[in-house]
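Residue strings, one per chain:
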Amino acid sequence: KTLMKNMKYIIYSTCIASLFLLIACTTPEKVTPPPPYHVHSHLEIEILGEKQIIPQNVGLSPNHHKPIHTHEEEGRLHVESPVAKTFYLKEFFTTWNQRFDKEGIFNYGIDDKYELIVYVNGKQDTRFGDIVLEDNQHIKIIYQKVKEKT
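Residues numbered from 1 in each chain as written. Predicted model: local features only at pLDDT ≥ 70, side-chain atom pairs only at ≥ 80, totals over all residues. Heavy atoms only, no water.

Asker: Kindly report on the packing of aromatic side chains, identifying the contributing residues and their values.
Answerer: Tallying each qualifying case throughout the model produces nine aromatic pairs. Both rings, one in Phe92 and one in Phe93, keep their centres 5.9 Å apart while their planes meet at 75 degrees; by these two values the pair is edge-to-face. Across the pair, exposure class does not vary: Phe92 and Phe93 are buried alike. Arranged with centres 5.4 Å apart and planes meeting at 85 degrees, the rings of Trp96 and Phe106 form a pair that is edge-to-face. Here the residue Trp96 occupies a position in helix α2 (residues 89-96), and Phe106 occupies one in the loop between β6 (104-105) and β7 (108-109), the gap between them amounting to ten residues. Of the residues examined, Phe106 reaches a relative accessible area of 12% and is grouped as buried. One aromatic cluster is present, formed by Phe92, Phe93, Trp96, Phe100, Phe106 and Phe128 through successive ring pairs. One residue, Lys85, lies across the ring of Phe87, its end atom 4.4 Å from the ring centre. One cation-aromatic arrangement involves Lys90 over Tyr88; the distance from NZ or CZ to the ring centre is 5.6 Å. (Phe/Tyr/Trp six-rings, centres within 6.5 Å; stacked < 30°, edge-to-face > 60°. Buried < 20%, exposed > 50% of the residue type's maximum accessible area, 1.4 Å probe, protein only. Helix = DSSP H or I, 4+ residues; strand = E, 2+ residues; numbered from the N terminus. Lys NZ or Arg CZ within 6 Å of the ring centre and 35° of its normal.)

Structure (structure tokens):
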């Protein structure tokens with residue numbers, strides 16, 4: 001009788017343990033959402049030979065931040081979004097409330113004496129505000145006097 005009682009207890013314990021194991025193995029793990037879209041581009045602006053400071057906290061406020069923003073004054077553009085999409089350089093300038101297009105930058109316009117040149121990763125680029133912001137990208141904007149042709 002004691003043997004039967006022990007056998008029932010063993011079988012019962014084994015069933016309970018198996019049930020817990022089954023639940024543990026078939027319950028999906030907590031699903032972590034994919035990380036948000038987050039890239040960094042570096043922006044450098046030079047006006048008539050003088051490096052311009054890109055202010056810190058462009059696009060940031062205590063309660064909200066825009067997808068393209070800065071944290072510090074070193075020209076690092078943070079692009080953060082819950083969804084991956086194409087972000088353009090002109091969007092940063094809109095957030096900053098500054099002009100940038102093929103006709104000029106800030107209050108400086110191009111004419112026969114002044115030109116605007118843009119480089120992306122060391123190569124000249126004519127897309128201006130339509131430059132797509134990508135990770136580890138270096139964008140340099142130069143407003144300068146037109147160089148005399150020799």
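Asker: Just give me the short version of the nonpolar core, but keep the residues and values in it.
Answerer: Counting 26 residues, the largest nonpolar core has Leu43, Ile45, Leu89, Phe93, Ile105 and Ile141 as its most contacted members. The set of elements that each furnish at least two residues to this core consists of β1 (37-47), β4 (76-81), α2, β8 (114-120) and β10 (137-145). If we ignore the near neighbours within four places in the chain, the residues touching Ile45 are Glu50, Lys51, Gln52, Ile54, Phe93, Trp96, Ile105, Phe106 and Ile141. (Core = buried A, V, L, I, M, F, W, Y, C linked by side-chain atoms within 4.5 Å. Contact = heavy atoms within 4.5 Å.)

Asker: So what's going on with α2? Residues and values would help.
Answerer: Among the residues of α2, those classed as buried are Leu89, Phe92, Phe93 and Trp96. Summarising the axial view, the buried residues of α2 lie within an arc of 95 degrees, below the 170-degree limit, and thus occupy one face. Against the buried residues of α2 lie β1, β3 (68-69), β4, β5 (100-101), β6 and β10. Directly beyond the C-terminal end of α2, a positive phi value near 60 degrees is found at Asn97. (Arc of directions from axis to C-beta.)

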